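Here is what each chain is made of, one letter per residue.
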Amino acid sequence: MAVANKPRYVDLSNPSLSVECPNCGLRTQRFLDHCRNCGYKLWPSSTMASAAFKAWREADPSRVEASRYELDLPVEPVDSSIDYAARAHQLGIHLFPSSNYPFVICLGALFLGIAAVPVAGAVRIGLLIIGGLIFLYGVVGWVLVEDIRMFPTDSPSTSGDVHH
Ligand SMILES: [Zn+2]
């Protein structure tokens, strides 16, 4: 960004918020009365610096957000919303689809956990079967069904690579 070179008179057409200090040569805030680097007095008074800043700011509507304590104008806010799924697909990163199936998997794991408790053999086998079925249902639903739906082109090629 262009640096204003005459701090004491307000060049309203100059969009710069910074100025080269006549004493130390470093960039400093244009509308503060002292140089931030060496303390050189840029403006006769802080009131004058403030008035100059106000005049400069009113000259252009894009300067409304500007602060006299900054060296540059604020950057336009960028649209930072990113489609992470599309981006991951583009980069070849595999994202698991957001899904309710992990809860099913947890429920299955709960039954499997209860089955690990030493109670009567038949009860444990029953729990093991129920837990195993729920667990498998969750895994199959999540990894196979939803994942293939989400990445239709990926999965046939990857499974094709596995079988030689
Ligand atoms: Zn200075």
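A. Local environment of the nonpolar core. Counting ten residues, the largest nonpolar core is built from Leu17, Val19, Phe31, Leu42, Trp43, Ala49, Ala52, Phe53, Trp56 and Ala66. Broken down by element, this core gets its largest block of residues, four residues, from helix H1 (residues 46–58). Those residues within four positions of phenylalanine 31 in sequence are excluded, and the remaining contacts are Val10, Ser16, Leu17, Trp43, Ala49, Ala52, Phe53, Trp56 and Arg68.

B. Quick peek at the coordination of the zinc ion. The protein atoms that coordinate the zinc ion are Cys21 (SG), Cys24 (SG), Cys35 (SG) and Cys38 (SG), at distances of 2.2 to 2.3 Å. For the zinc ion, the four donor atoms in the first shell make angles of 105 to 114 degrees at the metal, so the coordination geometry reads as tetrahedral. For the zinc ion, the donor residues sit on a single chain with the sequence spacing C-x2-C-x10-C-x2-C. Here cysteine 35 lies in the loop between strand S2 (27–29) and H1 and cysteine 21 lies in the loop between strand S1 (18–20) and S2, a separation of 14 residues in the sequence.

C. Focus on the pattern of salt bridges. Under the definition given, this model contains two salt bridges. For arginine 27, the salt bridge identified is with aspartate 72, shortest N-O distance 2.9 Å. Separated by 45 residues along the polypeptide, arginine 27 in strand S2 and aspartate 72 in the loop between H1 and helix H2 (84–91) bring together distant segments of the chain. Since its relative accessible area comes to 34%, arginine 27 is described here as partly exposed. You can call aspartate 72 partly exposed: its relative accessible area is 34%.

D. Spatial organisation of the side chain of serine 16. Tracing the chain through its elements places serine 16 in the segment before S1. For serine 16, the side chain forms a polar contact with the main-chain oxygen of serine 18, separated by 2.9 Å.

E. Region of the structure containing the packing of aromatic side chains. Summed over all chains, the structure comprises four aromatic pairs. Ring pairing ties together the aromatic residues Phe31, Trp43, Phe53 and Trp56, which thus form one cluster.

F. Local environment of H1. Taking 1.5 Å as the rise per residue, H1 with 13 residues should run 18 Å; its terminal C-alpha atoms sit 18 Å apart, in good agreement. Among the residues of H1, those classed as buried are Ala49, Ser50, Ala52, Phe53 and Trp56. For H1, the angular spread of buried residues about the axis comes to 160 degrees, placing them on one side. Exposed side of H1, more than 90 degrees from the buried face: Thr47 and Glu58 are the residues found there.

G. Geometry of the environment of phenylalanine 103. Positionally, phenylalanine 103 belongs in helix H3 (residues 101–115). Sequence separation between phenylalanine 103 and glycine 138 is 35 residues; the distance between their C-alpha atoms is 7.8 Å.

H. Local environment of the environment of arginine 124. Structurally, arginine 124 can be placed in helix H4 (residues 121–150). A residue is classified by how much of its surface remains accessible, and arginine 124, at 31% relative accessible area, is partly exposed. Put simply, arginine 124 and glycine 113 are eleven residues apart on the chain and 10.0 Å apart in space, counted from C-alpha to C-alpha. Non-local contacts of arginine 124, meaning those with residues more than four positions away in its chain, are made with Ala115, Ala116, Val117, Pro118 and Val119.

About the thresholds
- Residues numbered from 1 in each chain as written.
- Predicted model: local features only at pLDDT ≥ 70, side-chain atom pairs only at ≥ 80, totals over all residues.
- Heavy atoms only, no water.
- Core = buried A, V, L, I, M, F, W, Y, C linked by side-chain atoms within 4.5 Å.
- Buried < 20%, exposed > 50% of the residue type's maximum accessible area, 1.4 Å probe, protein only.
- Helix = DSSP H or I, 4+ residues; strand = E, 2+ residues; numbered from the N terminus.
- Contact = heavy atoms within 4.5 Å.
- Donors = N, O, S within 2.8 Å, 3.2 Å for Na, K, Ca; no water.
- Tetrahedral: all angles 85-135°; square planar, octahedral: opposite > 155°, others 65-115°.
- Salt bridge = Lys/Arg side-chain N within 4 Å of Asp/Glu carboxyl O.
- Polar contact = N/O pair within 3.5 Å; in protein donor to acceptor, adjacent residues only side chain to side chain.
- Phe/Tyr/Trp six-rings, centres within 6.5 Å; stacked < 30°, edge-to-face > 60°.
- Expected span 1.5 Å × (residues − 1).
- Arc of directions from axis to C-beta.

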